[in-house]
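Okay, here's what each chain looks like letter by letter:
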Amino acid sequence: MEQKMIVFGGSGNSGKFLLKHLSAIPGLSIVATSRNPAKAQAYPNVKWIQADPKDRKTYIEEMKGCGVAVSLLGSEDKKNVDVYSKGYPEIIKAMEEAGVARLIFVSASHDHPDQPFFFKHVIKPAFLSHVFDDMERMDKFFNAYNGPVKWTNLRPMRLVDGKRKKEKEKTALAHSP
């Protein structure tokens, strides 16, 4: 029996990595979304759609019949970030309407106590505060959400290609009750 899933943010680095591996699974049909279809790459068993996570009308029909939604959303615009706080509530509403029961998504460990000093006190406030502020608004949404969609948020301190350099780097995990 064929299974179907939808992947948000499929054209970013993490999305490409995930799709490369998922597309090799027999019997899995994947709908991948991208706000920028020029960045989409061809993979077996993957259907691409242009979709804005903040506008569920752009993807809800393709979501129907999916067993799970996976999201690797990110923002290239570091100043006007609202993809997390406005995108995820729309994704959840679409999932409720389409009958998709599980969301697995990756954000960032914006409040992890083991963040390196330089990152926490220089990089984050100088360059990433808008991104992390929006993630905090998203966290508030999920902490207040008690609907039917079950969710799991993977929150790594960072994602890199290659080997991990420090053993103490951790991934935080948040999930629905």
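Since we're looking at a predicted model, the values are computed, not measured.

Caption draft 1: Inspection of the pairing of strand β1 (residues 3-8) at higher detail. Note that β1 and strand β2 (residues 28-34) share five bridges and pair parallel. By the bridge assignment for β2, M5 is matched with I30. Handedness of the crossover joining β1 and β2 through helix α1 (residues 13-22) is recorded here as right-handed.

Caption draft 2: A look at the nonpolar core. Judged by nonpolar contacts, the single largest core of 32 residues is most densely connected at Y59, M63, Y88, I91, M95 and L103. Listed by contribution, the elements that provide at least two residues to this core are β1, α2 (60-63), α3 (83-98), β5 (102-106) and α4 (117-144). Element by element, the count of residues in this core is highest for α3, at eight residues. Excluding residues that lie within four positions of it along the chain, M95 makes contacts with M63, A69, V100, R102, L103 and V149. Counting 13 residues, the second-largest nonpolar core is a separate cluster that includes M5, A32, V46 and V106.

Caption draft 3: Spatial organisation of the packing of α3 against α4. Relative to each other, α3 and α4 sit at 30°, their axes nearing to 7 Å. The angle between α3 and α4 falls in the class roughly parallel. Contact residues: V83, Y84, S85, Y88, P89 and I92 in α3; V131, D134, M135, R137, M138, F141 and F142 in α4. Classifying every residue of the contact of α3 with α4 by side-chain character gives 10 nonpolar, one polar and two charged.

Caption draft 4: Focus on the packing of aromatic side chains. Taken as a whole, this structure holds eight aromatic pairs when the rule is applied. On the basis of an interplanar angle of 40° and a centroid distance of 4.7 Å, the ring pair of Y88 and F105 is categorised as tilted. Placement of the pair is Y88 in helix α3 and F105 in strand β5, with a sequence separation of 17 residues. Each member of the pair Y88 and F105 is classed as buried. When the ring of F105 is compared with that of F142, the centres are 4.8 Å apart and the planes differ by 25°; the resulting orientation is stacked. Here the residue F105 occupies a position in strand β5, and F142 occupies one in helix α4, the gap between them amounting to 37 residues.

Caption draft 5: Just α3, in detail. In this model α3 runs 21 Å from its N-terminal to its C-terminal C-alpha over 16 residues, within 8% of the 22 Å that 1.5 Å per residue would give. The buried count for α3 comes to 12 of 16 residues, which makes it a mostly enclosed element. Along α3, the residues that are buried comprise V83, Y84, S85, G87, Y88, P89, E90, I91, I92, A94, M95 and A98. The inward-facing, buried residues of α3 abut β1, α2, β4 (68-71), β5 and α4. Of the residues one or two after α3, G99 is the one with positive phi, at around 80°.

Analysis parameters
Residue positions are given per chain, counting from 1 as you read along its sequence in written order. pLDDT decides what is reported in this predicted model: residues at 70 or higher carry local features, side-chain atom pairs at 80 or more are listed and counted, and totals for whole chains, interfaces and linings draw on all residues regardless. Excluded from the side-chain calculation are hydrogens and water; included are all heavy atoms of the structure. If DSSP finds at least two bridges between two strands, the strands pair. Working definition: helices are DSSP H or I runs of at least four residues, strands are E runs of at least two. Numbering for both runs from the N terminus. By convention, a crossover is right-handed whenever its connection, traced from the first strand over the helix to the second and viewed with the strands pointing away, goes clockwise. The term nonpolar core refers to a set of buried residues drawn from Ala, Val, Leu, Ile, Met, Phe, Trp, Tyr and Cys, joined through side-chain atoms within 4.5 Å. Burial classes follow relative accessibility: with a 1.4 Å probe on protein chains only, a residue under 20% of its type's maximum area counts as buried, one over 50% as exposed, and anything between as partly exposed. In this description, contact between two residues means that some pair of their heavy atoms is separated by no more than 4.5 Å. Every angle, taken between N-to-C directions, lies between 0 and 180 degrees, and every axis is a line fitted to C-alpha atoms, over only the stretch in contact when it is a helix. Geometric relationships in this document are graded by angle, where less than 35 degrees denotes roughly parallel, more than 145 denotes roughly antiparallel, 65 to 115 denotes roughly perpendicular, and other angles denote oblique. Gly counts as polar in this scheme, as do all residues outside two lists: the nonpolar Ala, Val, Leu, Ile, Met, Phe, Trp, Tyr, Cys and Pro, and the charged Asp, Glu, Lys and Arg. Note on ring pairs: Phe, Tyr and Trp rings are taken, using the six-membered ring of Trp, and paired if centres are within 6.5 Å. Classes follow the plane angle, with under 30 degrees stacked, over 60 edge-to-face and the rest tilted. Each helix should span, by expectation, one fewer than its residue count multiplied by 1.5 Å.

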